[in-house]
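# Inside the fold
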Amino acid sequence: MFLDKSKYNSFYNKNKFNKMRKILSVFTLIAILLVGVVTTNAQSNGIRTGQTRTGSYVIMLQEMAVPYDVSNNGQHVVIQSFEAGLSYYWSATGGLDTLFGLAYSVSDDGKVAGTFNYNGLNTAGYWLPSTQTWTALPINPAFPTNGLPDEYNGMWCMNNSGDKYVVMHIDENYVSYPYTYTVDNGFQALPCTPYPGGGRGNAISDDGNIIAGFVVTESGFWAPAFWNNYQLHAMNDLSGEATAVSANGRYVAGYAEAIPATQAFVYDRVTETTFYVPDMSGSADGLHATCVTNDGDVFGFINSFPPFFRTAFACFRGNYLSFNDYLLMRGFTAAATWTIQAVYQSSVRRHYFSAHTPVRLTVLRNNRPLYTRRQGAEPEVPAIGPFELLTSRLAGK
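This section reports on the structure supplied with the text.

## Observations concerning the overall build of the chain
- The number of helices and strands found in the chain is three helices and 32 strands.
- By sequence separation, contacts in the chain at least 24 residues apart represent 50% of the contacts at least 6 residues apart.
- Total accessible area on the chain stands at roughly 15,700 Å², and carbon and sulfur atoms take up 52% of it.

## With respect to the pattern of salt bridges
- Summed over all chains, the structure comprises three salt bridges.
- Ionic pairing is found between R200 and E241, a salt bridge with its closest N-O pair at 3.4 Å. Within this pair, whereas R200 is found in strand β16 (residues 199-204), its partner E241 is found in strand β20 (residues 240-245), the two being separated by 41 residues in sequence. For the pair R200 and E241, one class covers both residues: buried.

## Considerations on the pairing of strand β22 (residues 263-268)
- Within β22, five of the six residues are buried, which leaves it mostly tucked inside the rest of the structure.
- With six bridges joining them, strand β21 (residues 251-256) and β22 adopt antiparallel strand pairing. Following the sheet pairing, G254 is matched in β22 by F265.
- Relative to strand β23 (residues 273-276), β22 is paired through four bridges, and the arrangement is antiparallel. By the bridge assignment, D268 is partnered in β23 with T273.
- In this structure, the hairpin formed by β22 and β23 is closed by a connection of four residues, where E272 is found at a positive phi of approximately 55°.

## Points about the environment of F316
- Along the chain, F316 turns up in strand β26 (residues 311-316).
- Linking F316 and F299, residues 17 residues apart in sequence, is a C-alpha distance of 8.6 Å.

## Observations regarding the environment of T93
- For T93, the position within the fold is in the loop between β6 (86-91) and β7 (95-100).
- A C-alpha to C-alpha distance of 7.8 Å links T93 and Q75, two positions 18 residues apart in sequence.

## Details of the packing of aromatic side chains
- Summed over all chains, the structure comprises 17 aromatic pairs.
- Ring geometry for Y179 and F187: centres 6.3 Å apart, planes at 85°, overall edge-to-face.
- On the basis of relative accessibility, which here comes to 15%, the residue F187 falls in the buried class.
- A ring pair is formed by F313 and Y320, whose centres lie 5.9 Å apart and whose planes are at 20°; its orientation type is stacked. Across the pair, exposure class does not vary: F313 and Y320 are buried alike.
- Members of the aromatic cluster, joined through ring pairs, are Y126, F143, Y165, Y177, Y179, Y181 and F187.
- Across the ring face of W156, the terminal group of R200 is positioned such that the distance to the ring centre comes to 4.0 Å.

## A look at empty space enclosed by the protein
- On inspection of all chains with the given rule, the structure shows one cavity of 30 Å³ or more.
- Residue composition of the lining of the largest cavity, by class: four nonpolar, four polar and one charged.

## Looking at the sheet that holds strand β19 (residues 231-234)
- Ordered in space as β16-β17-β18-β19, the four strands form an open sheet in which the pairing is antiparallel. Strands with a single pairing partner mark the edges of an open sheet, and in this sheet they are β16 and β19. Across the sheet, the axes of successive neighbouring strands diverge by a mean angle of 30°, strand direction being ignored.
- Pairing of β16 with strand β17 (residues 210-216), which is carried by five bridges, proceeds in the antiparallel orientation. Pairing of A203 across the sheet is with A212, part of β17.

Reading guide: rules and limits
Residues numbered from 1 in each chain as written. Predicted model: local features only at pLDDT ≥ 70, side-chain atom pairs only at ≥ 80, totals over all residues. Heavy atoms only, no water. Helix = DSSP H or I, 4+ residues; strand = E, 2+ residues; numbered from the N terminus. Contact = heavy atoms within 4.5 Å. Areas by Shrake-Rupley, 256 points an atom, 1.4 Å probe, with all protein chains shown as cover. Salt bridge = Lys/Arg side-chain N within 4 Å of Asp/Glu carboxyl O. Buried < 20%, exposed > 50% of the residue type's maximum accessible area, 1.4 Å probe, protein only. Pairing = 2+ DSSP bridges. Phe/Tyr/Trp six-rings, centres within 6.5 Å; stacked < 30°, edge-to-face > 60°. Lys NZ or Arg CZ within 6 Å of the ring centre and 35° of its normal. 1 Å grid on protein atoms, 1.4 Å probe; cavity = no way out; pocket = protein on both sides within 12 Å on 5 of 7 lines; lining within 4 Å. Points joined across faces, edges and corners; volume = space filled by probe spheres on them. Nonpolar A, V, L, I, M, F, W, Y, C, P; charged D, E, K, R; others polar. Axes fitted to C-alpha atoms, helices over the stretch in contact; angles between N-to-C directions.

What follows is the structure in structure tokens.
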């Protein structure tokens, strides 16, 4: 009836998850790629820059790490290290800073939302580049004390303007309680009734009105859900979770456990219809959707364990294709030599990709897909970390 502890450990306890990922001995790199015709490599202020025939890149971090979010304006990136409790903030003007905490979201003005250690407890808060310090959100009147020994609450996402946060409290019975927080309205519960195990918000639209996540059913399974202005809409005929919402709030995407394989879905709130991504992968493990654009295009990965055997997919205008083919279709010819592993996130103005093992890429465009890819035949890009890729002009939009 309640949030299963094994699910809690695998999906929520990021410290344990980071320790597990740390076992992976693959280096990653973070860089920015710009579409264009360029031919030289350069070294600038200790940060390696490089250019290919179709783009350029800047290495921001030479270690294994996960670019978790990028602002819509492309000027700010937050990265979670594989080291427990360590994150990074990168800006186009200031470079890289180290944060001691788990960074989840970043706004257009560089505000970082995450979870950090505050008076010995993991606590939701925000970090500002101007002060280089964390500030905890206020105490939630509904939770005057912590339910878990080492945690008060956790941050899960923030809208792009940086004024609305989505947090989760967990009580001593591992029941989860999702809330939003704004300065004007304080904490407001995202209702989970009639689901006794509570729920969680994973993603938020730019205006903060649509929040995607899951609720925990009486039998203990997760069901995809979204909240529209605090009204719960649960897809209780499915087992899975909603992992993404488009910036404009129209589309909610996620995954649903099914036989014989997991299905990726996107729900259109306007037409009130659910579209299942046609699985042409041939995988017995199915598809996992992780982000969706304002046009309803879906990105994600073909399920596999360990993660570096995953392969990224795109569903463009309802048609399934590999993410490599999607990039080739959009004019990014260098993608022909890449093995892309997973898409994580999306942004509104440009394309950023975020890739993993051995190169993690972050891409942004009209609704920001962050993807994962493994470096192929581009020897001038060493396989050492997540890097950020910007494609400024892609055909077809």
